[in-house]
Every structure is written in C-alpha cells, then in structure tokens.
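Geometric and topological summary
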Amino acid sequence: NNFYPTNSKDACVGWGWYLACDMQFYIFSPIVISVLYKYPRRGMALLLALFLANIGVTVCLAWYYHIQIGDFITMDVQPKSHIDDFMDKIYFKPWTRCGPYIVGLAVGYILRRKETFSLDLMPRMVKLIFYLFGWCVAFICLGSTLYGLYSFAHSHTLMGEVASIVYMSTSRSVWGLGLGWLVYACHTGYGGYINSILSASFWTPLSRLSYNVYLVHILIIDLYVYTLNVPMYYNDISMVILYLGTVFASFLAAYIVTVAVEMPFFEMEKVFLSRRK
C-alpha cells in the first residue's frame, strides 16, 4: 500500500503502491463526477481547484522537507534520508499523483458533453490552427517532461532548488495534459497517423495482459539482475536488447498468469453472479 507500511522498503510487493493510488482515485472520482453531472460549471471549477491543489501540496512538501528531484536520479551524491523522503512523502502519495487523473476526468467530461464543447461552428482554418497549436503544446509538454532531466541525470548534478520544485510539482500534471490532448484530438478526428497506430487491433490482446505485466515485470527484472555473474556494462545496443527481452518475457509471464489465475477466477465470478440472478 502507499500508506502502510510507512517505509516502502518493508512492503511485500513494493510496486503495488501505484495500484493503491489508482484504486483511491477510483473510489473518490464518483464525488467529482456527480458534481460535474449536476453542476457542470462548479464541477469544472472543482477539477481546476483539485488540479492546482495537487501542484500546491507537492510544492509545500518539497520545500518543507528540502527534497530535490535530483535526490532520485543522483543517488550517489545525495544522503540516503533525502531519497527516502522523496519516495515516501512525494513519490508514492495520492495527493502528489492525482494530477493526470484529474486531467483524465476533465477530458472524459469534455468528450461526453461534446455538444457543449463542439468546434463544428468554427471556420475550418481557425479549427486547423487550433488543433495544430494543441499538438505543438502537447509535444512540448510530453518532451519537456520526458527529457527535462536528461542533462542532470548524465552529468550527475543537481537542479537548483526552485527549478527542482517546479519540475517535481508540475511534471506529472504536464504529462497528463499532453496525453489528454492526444486522446481529445484522436477522438475528434484530428489524430492522423497517431490515431491509426493507437487504434490498431493488435493492441487489444496486449492490453488485456497489461495488468499482469505490471505485476510480474519487476520480478523479471529482479531475476535477471540477481542472477548476473559479472558486472553490467551499459551501452545503447545492450540496453535495447535487454529492454526487448524484458518486454517479451514480461508478456509471456503475464499470459501464463492470466490463463492460470485471472481467467479461471473470472469464469467463477460469472458463474456465481449468474446463480444469484
């Protein structure tokens, strides 16, 4: 869980913290959805307030505990206590992770109420400029989040405190905004080749394995790392091969878990529910 044990290293399945976050968001989301349904403007205002609160809480935690984003990517030059603070006080907690989920709720509502947010009455040229601008902003959001720490990670230097707090408090929400635009543009017919790739049918069976892939992929990585007899030397080719091998092994293991565990329990659930009806 992301609350207990208080030290994440004492957890049985350490990477299960994300499943806890996801479930917590799922439990509380009906409250926001009900407000959106009954009072649309108040609901959007609530989403905006929660979005800003998520950023504000992260800023306050990072400032109060003097946590820098470099504490995670430059472990060799940071005290262990700083790394533990980053993981336990910011990395795992739902109030610092809810930004993308809030963006997802907003995008889902906009797509559901497409008659209210329709752009059909816009002149074609204005609409094209709007979508082009949106794609540019989305790529900037995704690129800056993904590569923003590249130079610091490779030079083993720390960001300044202000820059670190800004990145730490906004990066996940900015990433969510980029993905939100991608979903919106693809859904409204302006996704182009990106929509064709993401809508391809071959993703369907893989998506059904994704939950179990998440559960087993760390075990696959641990199995490889803890059975090494010699030090690992990093280069681009070896990392690509290692990545592809890990992906294949994770999906293979997930398929076995799905067939042996998930599907039988799913069938039992259907039988049980059908008898109750």
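Provided above is the structure to which this section pertains.
Residues numbered from 1 in each chain as written. Predicted model: local features only at pLDDT ≥ 70, side-chain atom pairs only at ≥ 80, totals over all residues. Heavy atoms only, no water.

**Some thoughts on the environment of Leu 46**
Within the secondary structure, Leu 46 is located in helix 2 (residues 40-64). Along the sequence, Leu 46 and Tyr 91 sit 45 residues apart, while their C-alpha atoms lie 24 Å from each other. Setting aside its immediate chain neighbours within four residues, Leu 46 contacts Val 32 and Val 35. (Helix = DSSP H or I, 4+ residues; strand = E, 2+ residues; numbered from the N terminus. Contact = heavy atoms within 4.5 Å.)

**A word on the nonpolar core**
Counting residues in hydrophobic clusters, the biggest one holds 38 residues, and the most contacted among them are Leu 47, Ile 69, Phe 86, Ile 90, Met 168 and Trp 181. At the level of elements, helix 1 (17-38), helix 2, helix 4 (80-91), helix 5 (99-112), helix 6 (124-147) and helix 8 (161-187) are the ones that each hand at least two residues to this core. With eight residues, helix 8 is the largest single contributor of residues to this core. Among residues more than four places away in sequence, those in contact with Trp 181 are Phe 130, Tyr 131, Gly 134, Trp 135 and Ala 138. (Core = buried A, V, L, I, M, F, W, Y, C linked by side-chain atoms within 4.5 Å. Buried < 20%, exposed > 50% of the residue type's maximum accessible area, 1.4 Å probe, protein only.)

**Re the pattern of salt bridges**
Summed over the entire model, instances satisfying the criterion amount to one salt bridge. The shortest N-O distance in the salt bridge between Lys 270 and Glu 267 comes to 3.4 Å. Taken together, the positions of Lys 270 and Glu 267, both in helix 11 (residues 236-276) and three residues apart, correspond to about one turn of that helix. Given a relative accessible area of 43%, Lys 270 falls into the partly exposed group. With a relative accessible area of 41%, Glu 267 lands in the partly exposed category. (Salt bridge = Lys/Arg side-chain N within 4 Å of Asp/Glu carboxyl O.)

**Focus: the environment of Leu 119**
Within the element layout of this structure, Leu 119 appears in the loop between helix 5 and helix 6. On the accessibility criterion, Leu 119 (15% relative accessible area) is buried. Remark: the alpha-carbon pair of Leu 119 and Leu 244, spanning 125 residues in sequence, is separated by 42 Å. Beyond its immediate sequence surroundings of up to four residues, Leu 119 is in contact with Lys 127, Phe 130, Tyr 131 and Tyr 184.

**Quick notes on the packing of aromatic side chains**
Summed over all chains, the structure comprises 17 aromatic pairs. An angle of 55° between the planes, with centres 5.5 Å apart, marks the rings of Phe 3 and Trp 95 as tilted. One end of the pair, Phe 3, is in the segment before helix 1; the other, Trp 95, is in the loop between helix 4 and helix 5, with 92 residues separating them in the sequence. Using a relative accessible area of 38% as the deciding quantity, one classes Phe 3 as partly exposed. (Phe/Tyr/Trp six-rings, centres within 6.5 Å; stacked < 30°, edge-to-face > 60°.)

**So, helix 2**
In this model helix 2 runs 36 Å from its N-terminal to its C-terminal C-alpha over 25 residues, within 8% of the 36 Å that 1.5 Å per residue would give. Within the span of helix 2, buried status applies to Gly 43, Leu 47, Phe 51, Asn 54, Ile 55, Thr 58, Leu 61 and Ala 62. Just downstream of helix 2, His 66 is the residue with a positive phi angle, here 55°. (Expected span 1.5 Å × (residues − 1).)

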